[in-house]
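Here's the letter readout for the chains.
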Amino acid sequence: MIHREITYPEQKTNLLKQDTESLYQELIQILSSWTPPTDLSFIERAFKTAKYAHGDQKRESGEPYINHLLRTAIELTKMNIDINTVAASLLHDIIEDTRLTEKDIMKDFGNEVAFLVAGVTKVDKIKYQGIERDTENIKKMILATAQDLRVLFIKLLDRLDNLRDIEHLKEDRQKRIALETLEIYAPLAFRLGMNKLGGLLEDFSFPVIYPQEYIWLTNEIKDKYEDRIHYLENIVPPLEKQLTEHGVDDFQIEFRAKRYYSLYQKLLRYSMNMDKIYDLVALRIIVPTIEQCYLVLGIVHQIWKLFPHGFDDYIALPKPNGYQSVHTTVFAEEGKILEVQIRTQEMHERAEKGIAAHWTYSETKKSLAYRGNKPITFPKELKWMAQLQKWQEEFSSSTDFLESLKIDFF
Ligand code: MN
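Comments concerning the overall build of the protein
Part 1 of the reasoning: A tally of regular secondary structure across the protein gives 18 helices and six strands.
Part 2 of the reasoning: Here the protein holds 410 residues, and 55% of them are scored as buried.
Part 3 of the reasoning: In the protein, 72% of the contacts between residues at least 6 apart in sequence involve partners at least 24 apart.

Notes on the pattern of salt bridges
Part 1 of the reasoning: This structure, assessed with the given rule, holds 23 salt bridges.
Part 2 of the reasoning: With its nearest N and O atoms 3.9 Å apart, the salt bridge here joins K78 to E75.
Part 3 of the reasoning: Using a relative accessible area of 37% as the deciding quantity, one classes K78 as partly exposed.
Part 4 of the reasoning: The buried category is assigned to E75, whose relative accessible area is 15%.
Part 5 of the reasoning: In this structure, the salt-bridge partner of R176 is E180, at a minimum N-O distance of 4.0 Å. With R176 and E180 both in helix α10 (residues 171-191) and four residues apart, this pair spans about one turn of that helix.
Part 6 of the reasoning: Classification of R176 by relative accessible area gives partly exposed; the value is 24%.
Part 7 of the reasoning: One salt-bridge network, held together by shared partners, links E63, R71, E75, K78, D161 and R164.

Comments concerning the packing of helix α9 (residues 149-164) against helix α11 (residues 195-209)
Part 1 of the reasoning: Contact geometry for α9 and α11: axes closest at 9 Å, N-to-C directions at 30°. Looking at the two axes, α9 sits roughly parallel to α11. Crossing handedness for the pair α9 and α11: left-handed. Every residue of α11 that contacts α9 at L156, L157, R159, L160, L163 and R164 is listed here: L197, L200, L201, F204 and S205.
Part 2 of the reasoning: For the contact of α9 with α11, the class distribution of residues is eight nonpolar, one polar and two charged.

Let's talk about the coordination of the manganese ion
Part 1 of the reasoning: Looking at the manganese ion, one finds its protein donor set to be H68 (NE2), H92 (NE2), D93 (OD) and D158 (OD), positioned 2.2 to 2.3 Å from the metal centre.
Part 2 of the reasoning: Between consecutive donors of the manganese ion, the numbers of intervening residues give the motif H-x23-H-D-x64-D. Of this pair, D93 sits in the loop between α4 (83-90) and α5 (94-97) while D158 sits in helix α9, placing them 65 residues apart in sequence. Assigned by exposure class, D93 and D158 land together as buried.

Some thoughts on the packing of aromatic side chains
Part 1 of the reasoning: This model, assessed by the stated rule, comprises twelve aromatic pairs.
Part 2 of the reasoning: Here the aromatic rings of Y261 and Y264 are separated by 6.3 Å at their centres, their planes lie at 40°, and the arrangement is tilted. Taken together, the residues Y261 and Y264, both in helix α13 (residues 260-269) and three residues apart, mark about one turn of the helix.
Part 3 of the reasoning: With relative accessibility at 9%, the residue Y261 sits in the buried group.
Part 4 of the reasoning: Site record: aromatic cluster; members linked through ring pairs are F206, Y210, Y214, Y260, Y261 and Y264.
Part 5 of the reasoning: In this structure, K336 packs its charged tip against the face of Y231, placed 4.8 Å from the ring centre.

Quick notes on the rules
Residues numbered from 1 in each chain as written. Predicted model: local features only at pLDDT ≥ 70, side-chain atom pairs only at ≥ 80, totals over all residues. Heavy atoms only, no water. Helix = DSSP H or I, 4+ residues; strand = E, 2+ residues; numbered from the N terminus. Buried < 20%, exposed > 50% of the residue type's maximum accessible area, 1.4 Å probe, protein only. Contact = heavy atoms within 4.5 Å. Salt bridge = Lys/Arg side-chain N within 4 Å of Asp/Glu carboxyl O. Axes fitted to C-alpha atoms, helices over the stretch in contact; angles between N-to-C directions. Parallel < 35°, antiparallel > 145°, perpendicular 65-115°, else oblique. Left-handed = near helix turned anticlockwise from the far one by under 90°. Nonpolar A, V, L, I, M, F, W, Y, C, P; charged D, E, K, R; others polar. Donors = N, O, S within 2.8 Å, 3.2 Å for Na, K, Ca; no water. Phe/Tyr/Trp six-rings, centres within 6.5 Å; stacked < 30°, edge-to-face > 60°. Lys NZ or Arg CZ within 6 Å of the ring centre and 35° of its normal.

Purely geometric numbers; function is a separate question.
Spelled out as structure tokens, the structure:
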């Protein structure tokens, strides 16, 4: 099976255009695809409770408040967490913004949901002023307050949605939220290996903090992305032919356009010289096994000459947050410099979802074909807490941890 795909930096408008009913339907639709089937009436009850409790509260944009809760729940549901976390995400602003209390939630939805909602409420109280030098301390405080990784997941997706409609807030609030995201929440997401989410948090904050730079950058790369993809479309068919001739016939090729903020950061290191950026659009090859990763690497090196110092083996030597892939930079057709990333499907899933994907794998011990909710046959919450504790310990023991993560995933 050969499959090709182009990934551009995601735009934030997608979910914003929907009304309450269609958002709710989307949530139910994703939940319906979970295996084994999950209790949809539980989520319906959480939705109705949130809708009733928030009443006619509105977002600054004027849309009903419940839409924010639904969007947060939708994104969380895509991560295949458990049903209690989805319910908690719908209820996450209840204690803070309505008359209902933690006890009410406990009574109607059980201890676990109440614990998660209370956790989000506590984390919300940790305020970043934009002047603290030691952002590490705030990250640690957030981890300690969260107690359970799922609290952090809800908080991160809550933040993502708050960035979607941030332009309706007053300017100083916009800046505070975006800065806090760049300094605290995006690094936390990367810390947990959730590179896709971290990238989105950065890309949505970027125009708020650096508006001029954002406009410059997006104008600058518009044509460059297109040129590059056109170029890749021409060189991929012969590559595909080589792969199949060498017995690799089950692979997926992606053209990954670099994320805006990540590109901006890299440009700062290269005197804003776009010609120095070789991975503006990288070629990503995804195969079923590790053996095939190295086979593909060999084939790539046979076709194209290796660029000096252009090779990194993060399969043999994973990044501290678990990231695995082989990266190689080569002189491709017409002597153009090209970055190729090679990984298995499992590594790919983990590179995007981080710890959430790890959870799916370790619990189901099945391939990705198995997507969905895990039956509650074990003390799950204990595992989540233990996991968080483990991360916290690693976190405090390596001061340069975040520095070491600053490689160009995206
Ligand atoms: Mn919220």
